[in-house]
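Examination of the molecular architecture
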Amino acid sequence: MNLKKYINDIPDFPKEGVVFKDICPLLASPKATDYAVDLLAKGLHDINVTKIVGIESRGFLFGLALAQKMGVSFVPIRKPGKLPGAILQQKYALEYGEDCIEIQEEAIQPGDYVVVHDDVLATGGTAAAACKLVEQCGATVVQCNFLMELSFLEGRSKLKQYHLHSLMHY
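Procedures and definitions
Residues numbered from 1 in each chain as written. Predicted model: local features only at pLDDT ≥ 70, side-chain atom pairs only at ≥ 80, totals over all residues. Heavy atoms only, no water. Axes fitted to C-alpha atoms, helices over the stretch in contact; angles between N-to-C directions. Helix = DSSP H or I, 4+ residues; strand = E, 2+ residues; numbered from the N terminus. Parallel < 35°, antiparallel > 145°, perpendicular 65-115°, else oblique. Left-handed = near helix turned anticlockwise from the far one by under 90°. Contact = heavy atoms within 4.5 Å. Nonpolar A, V, L, I, M, F, W, Y, C, P; charged D, E, K, R; others polar. Phe/Tyr/Trp six-rings, centres within 6.5 Å; stacked < 30°, edge-to-face > 60°. Lys NZ or Arg CZ within 6 Å of the ring centre and 35° of its normal. Expected span 1.5 Å × (residues − 1). Buried < 20%, exposed > 50% of the residue type's maximum accessible area, 1.4 Å probe, protein only. Salt bridge = Lys/Arg side-chain N within 4 Å of Asp/Glu carboxyl O.

Two numbers describe how helix α2 (residues 30–41) lies on helix α3 (residues 58–70): the axes approach to 10 Å, and their chain directions differ by 65°. Looking at the two axes, α2 sits roughly perpendicular to α3. Considering the relative orientation of α2 and α3, their crossing is right-handed. Along the contact surface, α2 presents T33, A36, V37, D38, L40 and A41, while α3 presents F62, A65, L66, K69 and M70. When the residues that make up the contact of α2 with α3 are grouped by side-chain class, the tally is eight nonpolar, one polar and two charged.

Structure below.
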């Protein structure tokens, strides 16, 4: 199955000059979604994964499905102020300025083997920050999974120390 057939290019969204990769057609197809989750899970059963982390917000969609398929816990990483209780924060650089993501402090334990999932690997800043949060919890990032990778943005360079798995490359 060619998953790229289920991705629509939306020019000039969210701003002029950007070509947005719309995953809604993929989500609308149960067969394509199931196939994508199977591909994301490939090889993970041999690693003894204990948690799947999904990055807000589109990383939640396949991250949760992947966690259910693997029979492990799902942990959300969110933008500031969205999670209750004690949290850990990680700031990261944007083209102009910085942003921040958070995780609940007790969501991941030392000794956990974690897959970090997001829908798109672009510049790599958010994924690298998510990996740092997982490591602050004392866990090991065993893989970073992405539905698609925008290779021309070279996000892979910020994640050199991690095993990466992207289903589609643009």
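Glancing now at the packing of aromatic side chains. Taken as a whole and assessed by the stated rule, the structure comprises two aromatic pairs. Over the ring of Y170 we find K4, and its NZ or CZ is 4.7 Å from the ring centre. The positively charged end of K21 is found above the aromatic ring belonging to Y170, 3.9 Å away from the centroid.

Moving on, we come to α2. Since one α-helical turn is 3.6 residues long, residues separated by three or four positions face the same way. If you check α2, its first and last C-alpha atoms are 16 Å apart, about what 12 residues at 1.5 Å a residue would give, namely 16 Å. When we look at burial in α2, the residues that qualify are A32, T33, A36, V37, L40 and A41. As for α2, its buried residues are in contact with α1 (24–28), α3, β7 (113–121), β8 (140–149) and β9 (164–169). Following α2 by one or two positions, G43 has its phi on the positive side, about 85°.

The next subject is the pattern of salt bridges. Under the criterion given, the structure shown has seven salt bridges. Salt-bridge contacts for K21 lead to D9; the nearest nitrogen and oxygen are separated by 2.7 Å. Taken together, the residues span a long stretch of sequence, with K21 in strand β2 (residues 19–22) and D9 in strand β1 (residues 8–11) at a distance of 12 residues. For K91, the salt bridge identified is with E98, shortest N-O distance 3.9 Å. When sorted by exposure, K91 lands in the same class as E98, which is exposed.

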